[in-house]
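# Structural features, examined
Spelled out from the first residue to the last, the chains are:
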Amino acid sequence: LGGDEFALLLPDCSPNAAAEVASKVIEAVKQPIHVEGYNLQVTTSIGISIFPNNGADASSILKNADTAMYSSKEAGRNQFNFFSPEMNASTERRLLLENKLRQAINNNRFTIHFQPKWDAHSGEMVGVEALVRWFDEEEGFISPEEFIPLAEDCGLVSAIDDWVCKNACLQIQSLFPGGSPSIGLSVNLSPTQVIHKHIYKRISAILTETGFPGHCLELEI
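Sequence order sets the numbering: in each chain, residues are counted from 1 along the sequence as written. pLDDT decides what is reported in this predicted model: residues at 70 or higher carry local features, side-chain atom pairs at 80 or more are listed and counted, and totals for whole chains, interfaces and linings draw on all residues regardless. Neither water nor hydrogens contribute to the side-chain values; these are computed over all heavy atoms in the structure.

## Some points on the overall build of the chain
Per the secondary structure count, the chain includes seven helices and nine strands. For 221 residues, the compact-globule estimate of 2.2 N^0.38 gives 17 Å, and the C-alpha radius of gyration of the chain, at 22 Å, exceeds that figure by more than 25%. Residue contacts are counted whenever heavy atoms from the two residues lie within 4.5 Å of one another. Within the chain, contacts between residues separated by at least 24 positions form 60% of all contacts whose residues are at least 6 apart in sequence. Method for areas: the Shrake-Rupley scheme with a 1.4 Å probe, in which residue coverage is limited to the protein chains shown. Put simply, the chain shows about 13800 Å² of open surface, and 55% of that area lies on carbon and sulfur atoms. Helix and strand definitions follow DSSP, with helices as H or I runs of at least four residues and strands as E runs of at least two, each counted in order from the N terminus. Our radius of gyration is a C-alpha quantity, and the globule rule it is checked against amounts to 2.2 Å times the number of residues to the power 0.38.

Okay, here's the thing in structure tokens:
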């Protein structure tokens with residue numbers, strides 16, 4: 001169905017049999033793969049919908065299986081869930097939030113809050129951590145615990161991370177004469193960002209563009 005999504009069609013299959021197949025798939029996929037001395041493991045999230053209880057046509061069955069799959073992902077992966085009508089509310093919320101998130105990125109609707117870091121011995125502030133916040137005109141503040149995982153799933157987290165890094169650098173610089181900060185700045189990076197081997201080029205470009213001193217920037221995973 002996509003780059004990392006597959007469907008299994010099981011004719012005349014009971015819920016118990018479907019659960020058994022799902023368990024076997026999860027067990028098979030999670031076996032370590034040995035590549036150049038490393039053990040790599042893949043997680044699997046499975047959603048199950050049953051005809052005709054969960055849909056009278058192929059489109060509905062696929063849609064509801066997809067809904068159940070996202071429920072499995074949110075619950076921690078490497079598991080399966082059967083579709084239930086209650087999941088639709090969660091899916092509608094996800095679709096609404098994803099649409100709003102794309103608009104927020106395009107229209108720069110995020111803000112940055114700075115959390116101070118103190119030296120416990122001297123009592124001096126030695127740095128700040130940049131925390132992204134999203135204020136939606138309809139809902140008010142939307143928690144990062146809700147929109148960051150969604151951004152990771154939708155492939156939008158890199159745009160948010162880059163925006164935060166660049167604007168945090170500019171804002172901290174503006175507080176110091178000559179744009180030379182005397183405190184450290186910490187910004188968060190999603191773990192999905194670190195696996196990209198060119199991440200250093202993006203950070204370097206931001207430092208070059210803003211003029212922020214690299215030794216003052218700390219990246220937190």
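Once the structure has been displayed, the description carries forward.
## Focus: helix H7 (residues 199–210)
One less than the residue count of a helix, multiplied by 1.5 Å, gives the span that helix is expected to have. Taking 1.5 Å as the rise per residue, H7 with twelve residues should run 16 Å; its terminal C-alpha atoms sit 17 Å apart, in good agreement. Along H7, the residues classified as buried are Ile-199, Ile-203, Ile-206, Leu-207 and Thr-210. Buried residues of H7, seen end-on, are gathered within an arc of 95° and therefore sit on one face of the element. Of the residues in H7, the exposed ones pointing more than 90 degrees away from the buried face are Thr-208 and Glu-209. As for H7, its buried residues are in contact with helix H5 (157–173), helix H6 (191–194) and strand E9 (217–220). One or two steps after H7, the chain reaches Gly-211, where phi turns positive at roughly 80°. Each residue is placed in one exposure class: buried if its accessible area under a 1.4 Å probe, protein chains only, is under 20% of its type's maximum, exposed if it is over 50%, and partly exposed if it falls in between. Taken from the helix axis, the directions to the C-beta atoms give the arc we talk about.

## Quick look at the packing of aromatic side chains
For Phe, Tyr and Trp, where Trp contributes only its six-membered ring, two rings pair if their centres lie within 6.5 Å, and the inter-plane angle classes them as stacked under 30 degrees, edge-to-face over 60, or tilted in between. Under the defined criterion, the tally for this structure stands at six aromatic pairs. Look at Phe-80 and Phe-82: their rings are 6.1 Å apart centre to centre, the planes differ by 80°, and that puts the pair in the edge-to-face class. For the ring pair Phe-110 and Phe-147, a centre distance of 5.9 Å and an interplane angle of 35° mean the geometry is tilted. Of this pair, Phe-110 sits in strand E5 (residues 110–118) while Phe-147 sits in helix H4 (residues 144–154), and the two are 37 residues apart along the sequence. Pair check on accessibility: Phe-110 and Phe-147 agree, each one buried.

## Some thoughts on the nonpolar core
By nonpolar core is meant a set of buried Ala, Val, Leu, Ile, Met, Phe, Trp, Tyr and Cys residues that side-chain atoms within 4.5 Å join together. Residues Leu-101, Phe-110, Trp-134, Leu-185, Phe-212 and Leu-217 are the most contacted members of the largest nonpolar core, which totals 35 residues. If you list the elements that add at least two residues to this core, you get helix H3 (87–106), E5, strand E6 (125–136), H4, H5, strand E8 (184–188) and H7. When residues in this core are grouped by element, the largest group, eight residues, is from H5. The residues touching Leu-217, leaving out its near neighbours within four places in the chain, are Cys-165, Cys-169, Leu-185, Val-187, Ile-203, Leu-207 and Phe-212.

## Some thoughts on the side chain of Glu-129
Positionally, Glu-129 belongs in strand E6. Positive charges are assigned to Lys and Arg, negative charges to Asp and Glu, while His and the chain termini are left out of the count. Note on definitions: salt bridges are taken to be side-chain nitrogens of Lys or Arg within 4 Å of carboxyl oxygens of Asp or Glu. Despite its burial, Glu-129 remains without a salt bridge, the nearest opposite charge being carried by Lys-117 at 5.2 Å. Counted as a polar contact is a pair of N or O atoms within 3.5 Å, where, for protein atoms, one must be capable of donating a hydrogen and the other of accepting one, and residues adjacent in sequence contribute only when both atoms are in side chains. A polar contact is formed between the side chain of Glu-129 and the side chain of Asn-188, at a distance of 3.2 Å. Setting aside residues up to four positions removed in sequence, Glu-129 forms contacts with His-113, Phe-114, Gln-115, Lys-117, Ser-186, Asn-188 and Glu-220.

## Thoughts on the pairing of E5
Two strands qualify as a pair provided DSSP detects at least 2 bridges between them. Pairing geometry for E5 and E6, over nine bridges, is antiparallel. From the neighbouring strand, His-113 faces E6, where its bridge partner is Leu-131. With antiparallel pairing between neighbouring strands as the criterion, E5 and E6 make up a hairpin whose turn holds six residues, including Gly-123 at a positive phi of roughly 80°.

## Things to note about the packing of H3 against H4
Every axis in this analysis is a line fitted to C-alpha atoms, fitted for helices over the stretch in contact. Angles between the N-to-C directions lie between 0 and 180 degrees. Remark: H3 packs on H4, axes separated minimally by 10 Å, with the N-to-C direction vectors making an angle of 80°. By the angle between their directions, the pair H3 and H4 is classed as roughly perpendicular. Together, Arg-93, Arg-94, Leu-97, Glu-98, Leu-101 and Arg-102 of H3 and Glu-146, Phe-147, Leu-150, Ala-151, Asp-153 and Cys-154 of H4 make up the contact between the two elements. Residue type decides the class: Asp, Glu, Lys and Arg count as charged, Ala, Val, Leu, Ile, Met, Phe, Trp, Tyr, Cys and Pro as nonpolar, and the leftover types, Gly among them, as polar. Among the residues forming the contact of H3 with H4, the class breakdown is six nonpolar, no polar and six charged. Note on terminology: angles under 35 degrees are roughly parallel, angles over 145 are roughly antiparallel, angles of 65 to 115 are roughly perpendicular, and the others are oblique.

## Focus: unusual backbone geometry
For the bond running from Phe-51 to Pro-52, omega is 0°, close enough to zero to count as cis. Here Pro-52 lies in the loop between strand E3 (45–48) and helix H2 (58–74). The phi dihedral of Glu-36 is positive, around 50°, even though this residue is not glycine. When its relative accessible area of 76% is taken as the criterion, Glu-36 is described as exposed. Despite not being glycine, Arg-77 shows a phi value in the positive range, around 70°. Relative to the elements of secondary structure, Arg-77 occurs in the loop between H2 and strand E4 (79–82).

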